[in-house]
2 protein chains.
Amino acid sequence: MALKTRFTETFGVEHPIVQGGMQWVGRAELVAAVANAGGLGFITALTQPTPDKLREEIARCRALTDKPFGVNLTILPSITPPPYAEYRQAIIDSGVKIVETAGNKPQEHVDAFKAHGVKVLHKCTSVRHGLSAERMGVDGISIDGFECAGHPGEDDVPGLVLIPAAADRIKIPMIASGGFGDARGLVAALALGADGINMGTRFMATAESPIHENIKRQIVANDERATDLIFRTMHNTARVAKNGISQQVVALERQGAAFEDVRELVAGARGRVVYETGDPEHGIWSAGQVQGLIHDAPTCAELIGRIVREAEEIIRGRLAGMLAGV
Amino acid sequence: MALKTRFTETFGVEHPIVQGGMQWVGRAELVAAVANAGGLGFITALTQPTPDKLREEIARCRALTDKPFGVNLTILPSITPPPYAEYRQAIIDSGVKIVETAGNKPQEHVDAFKAHGVKVLHKCTSVRHGLSAERMGVDGISIDGFECAGHPGEDDVPGLVLIPAAADRIKIPMIASGGFGDARGLVAALALGADGINMGTRFMATAESPIHENIKRQIVANDERATDLIFRTMHNTARVAKNGISQQVVALERQGAAFEDVRELVAGARGRVVYETGDPEHGIWSAGQVQGLIHDAPTCAELIGRIVREAEEIIRGRLAGMLAGV
């Protein structure tokens, strides 16, 4: 069984299920497992310390799967930006044919990718940014709601409203991101006008996810209320797992603390360390509200198979049954 | 065509579409129009100045429809509370058989309604409050997400996550509230595990809605970003239409203003006046993010008919077509 949508057609994958970029998590093992299960996984470029290391990671992933996969390139404002053009060239040279972009002003990168026949899926958090990316010539939009881990933007519009609002205006294929973890969410996204879903937190809690088992257990244990929004006062909001450090940041921001004080607190508390050491209290790490719907850490094949199978049951069973008055 | 669910069965209505309580809006004309269209409308008890006026409003509604309708009784903390027990008695005496409760500690009211064979639908904003109401013996839950107009609570969990999280634990029929305005939302809610939807803002912009035409036009004009959350600092958050006054409140709260200052600003700016005079800048008035999906002000019969018809098209057409690979 498969769900055929404009997204699966345009991007050439079996299932409309995407594992988008995740800093420190989007590595070859996870991406290849998603690809082998018929989903679309993305290696996170900036998790690799250099463009050459990214070339090695892409080669490593290709050794693990014959199926298509992509690379995420997120453009963040920075005083000392990473060498984006070199990372981009590494992606193109490696023959990767699908890229997920995120962040501001991707036009230069979109142009370069398109010139080399690379399909671009652009992730953004508002209808206006989706329309802007569509005008830039991207091939698909990943529209990211308030529920999501990482950067939800500053509009605070959840998927139930954001997805149909975007579907009313965006013409190219669109997937929905933020708050998705199971078949119920997939069918909801398709009903709301999306052509597929992106999942982040859900793929963090899988057998092939390259993070410490304790963190997977913490995601399973956490409920939908166990996240915090930090960096609101800097207009750079991030949704992270609620812990002692995130609560300190929230309290500092509420008191009107200076940027430097908040930054200092966070600088010593990196997500990478959490993922490696397995201490969920050791740093700031990303997790979305969907952790309230995550109750296990299956393989990617089990997870994707389950979602597609249950989506069919919901459509042919539950929903059609309501129409039939069963 | 009809959608038969546990909600329509338990509450004895044709369509799983509810127009829940709305202060100053939930009057006989609107409620009767919803009932005549096969939905379930609720008269808002406290919009009537006295229990006797509520008896008259119920009689007026009954003259307008032969179909079932209900009354909303919202219990709000107050220094000088309205005579809740007298309003409750007016409902029971009038022979109304469905009540929507909202607010804190409804046990006393639930017991009284149940003793008189009145079915109770309890509206709440979290899984734990839904479970608590289920234990109190209510007949259904209306679970209200972060998107909603009015009081979303303090958890900030949107429907995409809240509905399935609630469906995993609540056993009695459950409808979803907040962010719903069209067939896409209805099918999404049913897929996520709900047995129907509640709509507020969408019913404000209907022909039979007893508010000034200018306010209906403003709802149609507003997009999904045109709301504000006020009273956050008082832990009594309300989502309202964004206007000059709501922005002043947000700014005052951000500055850490005293409760009295905020209250003074709001006291002179009542929603009732907005609805009567038709000046959307004149006061604080409720509207949800779903206004971004509202593009007209049809009759309730047109609206409900359209939603049910399009829901069937989504289920039998769009979703089944994706499975068939059409």
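Small disclaimer: the values here were computed from a predicted structure and weren't measured. (Residues numbered from 1 in each chain as written. Chains lettered and ligands numbered in written order. Predicted model: local features only at pLDDT ≥ 70, side-chain atom pairs only at ≥ 80, totals over all residues.)

Looking now at the overall build of chain A. What chain A contains, in helices and strands, is 14 helices and ten strands. Over its C-alpha trace chain A gives a radius of gyration of 19 Å, about what one expects of a compact globule, namely 20 Å for 326 residues. C-alpha extents for chain A along the principal axes are approximately 60 × 45 × 35 Å. Scored against the burial criterion, the 326 residues of chain A give a buried share of 54%. (Helix = DSSP H or I, 4+ residues; strand = E, 2+ residues; numbered from the N terminus. Rg over C-alpha atoms; globule rule 2.2 N^0.38 Å. Buried ≥ 20, exposed ≤ 12 C-beta atoms within 10 Å, placed from the backbone.)

Before going further, it helps to spend a moment on the sheet that holds strand β3 (residues 70-75) of chain A. Backbone hydrogen bonds hold the strands of a sheet together, and the pairing may be parallel or antiparallel. All names here are of chain A. The strand order around the closed barrel formed by eight strands is β1-β2-β3-β4-β5-β6-β7-β8, and the pairing between neighbours is parallel. Sheet analysis places strand β6 (residues 140-144) next to strand β7 (residues 174-177), joined by four bridges and oriented parallel. In the strand pairing of β7, I141 is matched with M174. The strands that helix α4 (residues 84-93) touches are β3 and β4 (98-103); relative to β3, the one it contacts most, it runs at about 170 degrees. (Pairing = 2+ DSSP bridges. Contact = placed C-beta atoms within 7 Å. Axes fitted to C-alpha atoms, helices over the stretch in contact; angles between N-to-C directions.)

Turning our attention to the packing of helix α14 (residues 300-324) of chain A against helix α14 (residues 300-324) of chain B. At a closest axis distance of 10 Å, the pairing of α14 of chain A and α14 of chain B adopts a crossing angle of 155 degrees. One element, α14 of chain A, and the other, α14 of chain B, form an angle in the roughly antiparallel class. Two packed elements cross with a definite hand, and for α14 of chain A against α14 of chain B that hand is left-handed. On α14 of chain B, the residues touching E312, I315, R316, L319, A320 and L323 of chain A of α14 of chain A are E312, I315, R316, L319, A320 and L323 of chain B. When grouped by side-chain class, the residues that make up the contact of α14 of chain A with α14 of chain B number eight nonpolar, no polar and four charged. (Parallel < 35°, antiparallel > 145°, perpendicular 65-115°, else oblique. Left-handed = near helix turned anticlockwise from the far one by under 90°. Nonpolar A, V, L, I, M, F, W, Y, C, P; charged D, E, K, R; others polar.)

On to the interface of chain B and chain A. A common measure of how large an interface is: the accessible area buried when the components associate. Facing 41 residues of chain B, the contacting portion of chain A comprises 41 residues. Elements with a contribution of two residues or more to the side of chain B that touches chain A: α7 (159-167), α8 (183-192) and α14 of chain B. Tallying contributions element by element places α14 of chain B first for the side of chain B that touches chain A, with eight residues. Classifying every residue of the side of chain B that touches chain A by side-chain character gives 23 nonpolar, nine polar and nine charged.

With that settled, the discussion passes to the pairing of strand β5 (residues 119-124) of chain B. All names here are of chain B. Most of β5 sits inside the fold, with five of its six residues counted as buried. Two elements, strand β4 (residues 98-103) and β5, share five bridges in a ladder whose sense is parallel. Within the sheet, the bridge partner assigned to I98 lies in β5 and is K119. Handedness of the crossover joining β4 and β5 through helix α5 (residues 107-115) is recorded here as right-handed. Note that β5 and strand β6 (residues 140-144) share four bridges and pair parallel. (Right-handed = clockwise from strand over helix to strand, strands pointing away.)

The next subject is the sheet that holds strand β1 (residues 17-19) of chain B. Spatially, β1-β2-β3-β4-β5-β6-β7-β8 (chain B) is the arrangement adopted by the eight strands of the closed barrel, whose pairing is parallel. This element, helix α2 (residues 28-36) of chain B, spans β1 and β2 (40-44) of chain B of the sheet and lies at about 165 degrees to β2 of chain B.

The periodicity of an α-helix, 3.6 residues per turn, causes residues three or four positions apart to be oriented the same way. Residues and elements named next belong to chain B. Every buried residue of α5 is listed here: H109, V110 and F113. Down the axis, α5 shows its buried residues gathered within 100 degrees of arc, on one side only. Summarising the geometry of α5, the exposed residues directed more than 90 degrees from the buried face are D111 and A115. Packing partners of the buried residues in α5 comprise β3 (70-75), α4 (84-93), β4, β5 and α6 (127-136). Phi for G117, located one or two positions after α5, is positive at around 70 degrees. (Arc of directions from axis to C-beta.)

Our next topic: the relation of the copies chain B and chain A. For these two chains of identical sequence, chain B goes onto chain A by a turn of 180 degrees and a shift of 0.0 Å along the axis, with RMSD 0.0 Å. Viewed as a symmetry operation, the transformation between the two copies matches a two-fold axis. Judged by C-alpha distance, A188 of chain B is the residue of chain B that lies nearest the rotation axis, at 2.0 Å. Comparing interface residues between copies, 100% of those in chain B also lie at the interface in chain A; the contact surface is shared. (Least-squares fit on C-alpha atoms with pLDDT ≥ 70 in both.)

So, on to the pairing of strand β7 (residues 174-177) of chain B. All names here are of chain B. Going residue by residue along β7, you find M174 and A176 tucked away on one face and I175 and S177 tucked away on the opposite face as well. Traced from β6 through α7 to β7, the parallel crossover comes out right-handed. Sheet analysis places β7 next to strand β8 (residues 197-198), joined by two bridges and oriented parallel. Residue pairing in the sheet places S177 in a bridge with N198 of β8. On the question of chirality, the crossover connecting β7 to the parallel β8 by way of α8 is right-handed.

Residue position: I315 of chain B is located in helix α14. Between the C-alpha atom of I315 of chain B and that of A35 of chain B, which follows or precedes it by 280 residues, the distance is 25 Å. Leave out the neighbours within four places in its chain, and I315 of chain B touches L319, A320 and L323 of chain A together with V187 and A320 of chain B.

When two helices pack together, their arrangement is given by the angle between their axes and by how far apart the axes lie. All names here are of chain A. Close contact between helix α2 (residues 28-36) and helix α3 (residues 51-64) brings their axes to 9 Å; oriented N to C, the two are set at 35 degrees. The crossing of α2 and α3 is right-handed. In contact with A28, V31 and A32 of α2, α3 contributes E57, R60, C61 and L64. Each residue belonging to the contact of α2 with α3 can be placed in one class, and the counts come to five nonpolar, no polar and two charged.

This brings us to α14 of chain A. All names here are of chain A. The first and last C-alpha atoms of α14 sit 34 Å apart over 25 residues, in line with the 36 Å expected at 1.5 Å per residue. Roughly 35 degrees is the biggest bend found in α14, and it falls at I314. If you check which residues of α14 are buried, you get C300, L303, I304, I307, V308, A311, I314, I315, L319 and M322. Directly beyond the C-terminal end of α14, a positive phi value near 70 degrees is found at G325. (Expected span 1.5 Å × (residues − 1). Bend = angle between axes of the 7 residues up to and from the residue.)

All names here are of chain B. Position of I172 among the secondary structure elements: in the loop between α7 and β7. Distance in space between the C-alpha atoms of I172 and F7 is 9.0 Å, their sequence separation being 165 residues. The contact partners of I172, leaving out residues within four places of it in the chain, are E134, D139, G140 and I141.

With that settled, consider unusual backbone geometry. All names here are of chain B. Unlike most non-glycine residues, W24 shows phi in positive territory, near 75 degrees. Here W24 lies in the loop between β1 and α2. The backbone of F231 sits at a positive phi, close to 65 degrees, despite the residue not being glycine. Looking at the element boundaries, F231 is found in the loop between β9 (227-230) and β10 (238-241). Given 19 C-beta atoms within a 10 Å radius, F231 is considered partly exposed.

To continue, consider the nonpolar core. Soluble globular proteins tend to pack their nonpolar side chains together in the buried interior. Residues V187 of chain A together with V187 of chain B are the most contacted members of the largest nonpolar core, which totals 204 residues. Ignoring sequence-local partners within four residues, the contact set of V187 of chain B consists of A191 and L319 of chain A together with A311, I314 and I315 of chain B. (Core = buried A, V, L, I, M, F, W, Y, C linked by C-beta atoms within 7 Å.)

This next bit is on the environment of F11 of chain B. By the secondary structure assignment, F11 of chain B is in helix α1 (residues 6-11). Ignoring anything within four residues of it in the chain, the contact list for F11 of chain B reads L40, I98, K119 and G140 of chain B.

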